[in-house]
Amino acid sequence: MITAAHQRLNASAEKLSKTKSFIGNSTLLEDEAARLAALHRCQILDTPPEPEFDEVVQLAALICGVPIASISFIDLDRQWFKACFGWQIESLSRDLALCGRALQQKEVFVVSDASTDSQFATHPLVCSQPYIRFHASVPLIVAEGYAIGSLCAIDRTARELDVQQIEALQSLGRQVVKLLAQRSDRLASTPAVNRQHSSNKRFFTRMALGLGLASATLVGVGAVSHHTLTSLGRNHDKQIQHYRVLEDLKEIHASMQKATIAKHRYIATGQPSYLEPYYDAARDIQTKVIHLQQETGNNPHQQRRLSTLQPLIEQKITEIEQATFLRKTKGATAASQTTLLEKSKQIADKIEAIVQDMESTEYTLLQKQSQAEFTRTRQSMFAFAAAICLNMLLLTGVYGFTDREIRERQQMTEAIAQERDFSEAILNTSGALILVLDPQGKILRCNRTCEEMTARTATEVKGKFFWELFSLPGEAESPKTHWENLLTSQSASQYEGYCLNRDGHTRRIAWTNTILRDRQGLVEYAIACGMDVTTHATAEESLRHSEQHLRNIINSLFSFVAVLSADGTLIEANQALLDAADLQPKDVLGKSLIQTYWWSYSPTVQAQLRSAIDRVSQGEKVRYEGEAKVGDDRFITIDFAFTPMYDASGKISYIIASGTDVTERKQAEAERVQANEQLSNWVNELKQRNHEITYLSYTVDVLQACLTLEEACTTLAQLVQSLFPQASGGIFLNRNTKSLLEPVATWGVPLLANQQAFNPDDCWALRLGKPHWVDDADDGLLCKHVHHSLPAESLCVPLMAHRETFGVLYLGSLEKGVLSPAKRQLAIGVAEHIAPTLANLKLRETLKNQSIRDSLTGLFNRRYMEEALEREMLRCDRKQQPLSIIMLDVDYFKRINDTLGHDAGDAVLRELGRCLQSYVRGSDIACRYGGEEFLLILPEASLGVTQLRAEQIRAAVKQLHVESSGQPVGAITLSLGVASFPKHGLEGEAILKAADTALYRAKQEGRDRAIVA
C-alpha cells in the first residue's frame, strides 16, 4: 500500500509541473503537491452521492437564501462536485473554478457582483449559463492544514450576506470537514476497493475521452471540408462578377468608339442615317454604366473611379451632340473645328485611362481570389491529413490505456495485501487508544497502547465491555450512556472521561467514537479512539493563569489594545477601548471586528477595516487610521497598528491591534488643509480673471482687425464661447432698418441659443437699458425670446455704442452655478468692449453699400459695374468661358416724366430694379448704368442663353403694373442690346459699345425688342 501511495504522489507531482503552464484562473499554491496528497488521502473524488453531503448543501442554500449550493473539491486539473443543489453538474475544468481563490485564504471568499468585478466579469460561468452573479466560498481545511475544496453558495443576482449567514456558512464548512474525517475512518478498512472503483472510472473515462476525441476530429474534418467548399463557391461567384465588370468596361469603350465614328461620319457626310449608331451607342453606354454601378457596389475604389468616369462620359457625349448641332446649323467646317479641340482629346484620353485602370483593378482582384482559392484547397488537404494522423494517435493511446489498466489491476491485488499489513502497523504504532467494538459495545480488537494502559493482552480484553475497563470504579454509567446515544446517532460522538492506568494513576481520556454501518444501514462495527489529555489539561490551566495576567496588564494601559484571531474575530479588548463607547465585553467579544459597535455604522468604513485585516492576515504589518463610533453622535479617529503574531509552525495565530485617539490632531490637520485649499482657490480665481482679461483684450484686437461685420460675427462665436465654455448663448443685432434683432453669432445648446429673430420689446435688458439676470425660470422675470422651460439661469446684456442700443448679448445654462457673479461681470465687460467695434463695422458696411449701390433702385451703380465687368472678364478669360451683357433702356421714359411727373418716373425705375433682381442668378450683376438705362452682366452665359434671358425680361416688364399717386403709369416696354465676350470684343469698352449699338438699333427698329450686336 505504501508503494502505491508513493507512486500516486509521484505521478501527481509530475503532472503538476506540466499543468502550471496552462492553468490560468485557479492559481496553483506553493504547496500544491502536499495539498493534492491530502485530497487523495480523503478518498472522496469520483464517489457516488451521499445523503450527509446532500443535506449540507440544501441547508446552505436555505440559510443563505440562494438557489444554488455545492460541495466541491479542487483536483490538479478539475473541480469535482461531491454534492450540488440547484445545478446539475459533475465537474469543471480547474481553469473555470470560481472557488479557486478560496483555497488561498482561511476566511469566506465573497464576490457580491461578478459582472462588475474585473477578475470575473468575462468568466464563462458569468457570461453564460448559469449566469453567476453572487458567489461565496468557505474553504474546506483538513487536519493537515490544507484547503482541499470549498462549500459554495451561488446566486444569479447580486447580493450580500449578513454576519449571521457568514458565520452559519463557516459552521457548515467545519461540519463538512468532520464528515470527511468520519468518512475516511469508515473507509480505512477498504481503501483498495475504493481505489479500484476510482481506477475503473478513470479507465472508462479515458476510453470514452479517446474515442470521443477521435469522433470529434472526424466531425471537425467534415466541418472544414464544408467550409472550404462554401468558400470556393463564393470565390467562383466573385470571379464571374469580375468577368462581368471587365465585359461591361470593354463594351463601354467600344460604344464610345462607335459614337465617335458615327459623329465623324455624320460631320463628313451630313446624312442623318449615321446618327442612328450614335444614339444606340449612347443608350448602351448609359445601360452599362448603371450595370457597372450595381456590379461594383461592394468595391469603394471602383465606385470612386466610376464616379469620375461617368461625368467624363457625359462631357464626351455633350461634345458629340454640340458637334452634330453645329453640323446641322453652321455646316461641316464649324463642326470639324470642334472635333480638333484639345479639350475633346483630353476627355477621350481620361476616359480610356480610367477604363484601363478599372480593368487592371479587376484583373488584380481575379488573381488574388485565384491565389486564395488555391491556398484554401491546399490547407484543407493538410487538415485532412493531420486529422487522419491524429485519429491514429488517439487510437494508439486508447490501446495504451487498456494495456496499462490490465497491469494496474494486477498490481492492485498485491497492494491490498500490503495495505492490510500497513493498517496493522498503524494501529500498533499509534499513541492513541484504539478499540474495535461490536454493536453491543464489546471489545473485538485493541492496539498495543490499550494493552500497555490496562496491563492486559488483546486476548484478555476481547469480549469485555469497554466501559468496564476504561472508566473509574462506579462511574461506568456515563460512558455506557454515550455508547447508547452513539448507536442512534448518524455522526461521531465525542466526550471526555477518566480511567486508571497500570500504575493506578487517574488519567483524563478524550474519546471519539464512530459507527461503521453495512449497506442496509445496520451497525457493523464501532471505532473508539481515545487520547490521553491529562498533560494537556494541566497546560491549559497554566495558560489560563498566564492569560489573566496579560489581560490585567493590557487593561491598565491608556491606549486602545485589541486581540484578534487570524480571521478578524475580536478575542480580547482592553478596558480603555471598551470605556470609549461605554461597552461591556459581552457586547463585542466573539464578533468580527468590523461588525462591532465601533465600526458597524458604515459599510465604507467596514470595507476599509476589512482590507487592513486581510493584509495583516497575509503577514504584513499595517498602519490603519479611521473613524470609530463612540456614542450616538460622537466619533473619534483612531490610529491603529496591526501586528501579526505567529505560532511555532510559522502560521499567524492571532493579531495585536494597538491604537491611539488622534481626533484632535486630525481636526487641526483638516483646518490647515482647508485654509490651504481656500488660498489655492483664491490664487486660481485670480489666474482665471487675469486669463479672461487677457483673452478679452485679444478678442477686441481681433474684432478691430475684421474687415466686415459678417466676418466679425463669425469670429465672435468662437472667441466669446471660449470665455463661457459651459454656457450657451448668442449675439443679436439690428442689422437693417427693421425693428427685429437677428442672430449673428450663436454657440452651445441650440435650444438655449435662440436662432430666431425677435422684437426688441421681448428682451427686458433692452427695455430696462441694463443687464437682466434670471436664476429661476419659474419665479424670475424671463425674457420672451428665451425658452421658458429650458435655462436654469440666463443673462441678457444690452450692446450700446454712441448712446444707441443696437443689439444684445445673451447667455444661458441648463445647470445652475455656471454663470457665477464673476462670469456675469465678465459678460458685462465683454459687451462694453465689443459693442463699439461692432457699431463701427456696421457703420463702415453701411457707408460701403451707399458707395456702390444706387439709392433709388437698390442696384449696383456705374462705378461698381465698371470694376465688376473688368473682374468678371478676367475670370471668364482664365476659365475659357463666355461672358455676356444686356444693356436696356425704358422706352418713352421722358414722356412719363413730362406727363406724370418725376415721382412716376422714380416709381417705374424702382419697380424695374425689383424685376431685374428677380430675373438674375446669384452670380449675375444688375446695375443702373445711368438715367433710365440699366446693364446686366451674366458671367459664363453664352450669347444664345443671354438673348433668351433678354426676351424673358422684356416680356416680364410688359406685365408690370406701376402706379404713382394712385394713377396707373401704363404699359412699360424696353429696348435691349445684347453683346458677348470674346465674340464682340476683348475689352470692357468694346463690349459696352457693341451692346449700346445694338440698343440703338432696337430703338431705331421700333423699340420693345432685343437686338444682338
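Residues numbered from 1 in each chain as written. Predicted model: local features only at pLDDT ≥ 70, side-chain atom pairs only at ≥ 80, totals over all residues. Heavy atoms only, no water.

The protein has the name Diguanylate cyclase in an unreviewed UniProt entry, where Chroococcidiopsis cubana SAG 39.79 is given as its organism.

Enquirer: I keep staring at the overall build of the protein and nothing clicks. Help me out?
Expert: Looking only at helices and strands, the protein has 27 helices and 28 strands in total. Residues counted as buried form 41% of the 1013 residues belonging to the protein. For the protein, the accessible surface area stands at approximately 55300 Å², while carbon and sulfur atoms represent 53% of it. (Helix = DSSP H or I, 4+ residues; strand = E, 2+ residues; numbered from the N terminus. Buried < 20%, exposed > 50% of the residue type's maximum accessible area, 1.4 Å probe, protein only. Areas by Shrake-Rupley, 256 points an atom, 1.4 Å probe, with all protein chains shown as cover.)

Enquirer: Help me understand the side chain of Ser150, please; the structure alone is not making it clear to me.
Expert: Note that Ser150 resides in strand β6 (residues 147-155). Beyond its immediate chain neighbours, meaning those up to four positions away, Ser150 contacts Ser70, Ile71, Ser72, Cys99, Ser137, Val138, Pro139 and Leu140. (Contact = heavy atoms within 4.5 Å.)

Enquirer: What exactly am I supposed to notice about the packing of helix α24 (residues 893-900) against helix α25 (residues 902-918) here?
Expert: The packing of two helices is summarised by the inter-axis angle and the distance between the axes. The contact between α24 and α25 brings their axes to 6 Å, and the two run at 140°. If you check the angle between α24 and α25, you find them oblique. Residues Phe893, Ile896, Asn897 and Leu900 of α24 form the contact with α25, whose participating residues are His902, Ala904, Gly905, Val908 and Leu909. When its residues are assigned to classes, the contact of α24 with α25 shows six nonpolar, three polar and no charged. (Axes fitted to C-alpha atoms, helices over the stretch in contact; angles between N-to-C directions. Parallel < 35°, antiparallel > 145°, perpendicular 65-115°, else oblique. Nonpolar A, V, L, I, M, F, W, Y, C, P; charged D, E, K, R; others polar.)

Enquirer: In this structure, what is going on with the packing of helix α3 (residues 51-64) against helix α5 (residues 163-186)? I would like to understand it.
Expert: The interhelical angle for the contact between α3 and α5, taken along N-to-C directions, is 175°, at an axis separation of 10 Å. The angle between α3 and α5 places the two elements in the roughly antiparallel class. Residues Glu52, Phe53, Val56, Leu59, Ala60, Ile63 and Cys64 of α3 touch α5, and the partners they reach there are Gln165, Ala168, Leu169, Leu172, Val176, Leu179, Leu180 and Arg183. Taken together, the residues of the contact of α3 with α5 break down into twelve nonpolar, one polar and two charged.

Enquirer: How should the sheet that holds strand β3 (residues 91-93) be read in this particular structure?
Expert: Hydrogen bonds between backbone atoms are what pair the strands of a sheet, whose relative direction is either parallel or antiparallel. Taking strand neighbours across the sheet as the criterion, the six strands line up as β3-β2-β1-β6-β5-β4 in an open arrangement whose pairing is antiparallel. Looking at which strands have only one partner, the edges of the open sheet turn out to be β3 and β4 (109-111). Recorded for the sheet is a direction-independent mean angle of 25° between the axes of neighbouring strands. Where strand β1 (residues 68-74) meets β6, six bridges bridge the pair, whose relative direction is antiparallel. Counterpart to Ile68 in the pairing with β6 is Ile154. Strand contacts of α3: β1, β2 (78-85) and β6, with the helix running at about 75° to β2, the strand carrying the most contacts. Along the sheet face, α5 touches β1, β5 (134-141) and β6 and points at about 40° away from the line of β5. (Pairing = 2+ DSSP bridges.)

Enquirer: Honestly, the side chain of Thr946 in this entry has me stumped. Any pointers?
Expert: Position of Thr946 relative to the elements: it lies in helix α26 (residues 943-958). Taking the relative accessible area as the measure of exposure, Thr946 reaches 0% and is therefore buried. Apart from residues lying up to four places away in sequence, Thr946 is in contact with Ser884, Ile885, Ile886, Leu938, Ala941 and Val978.

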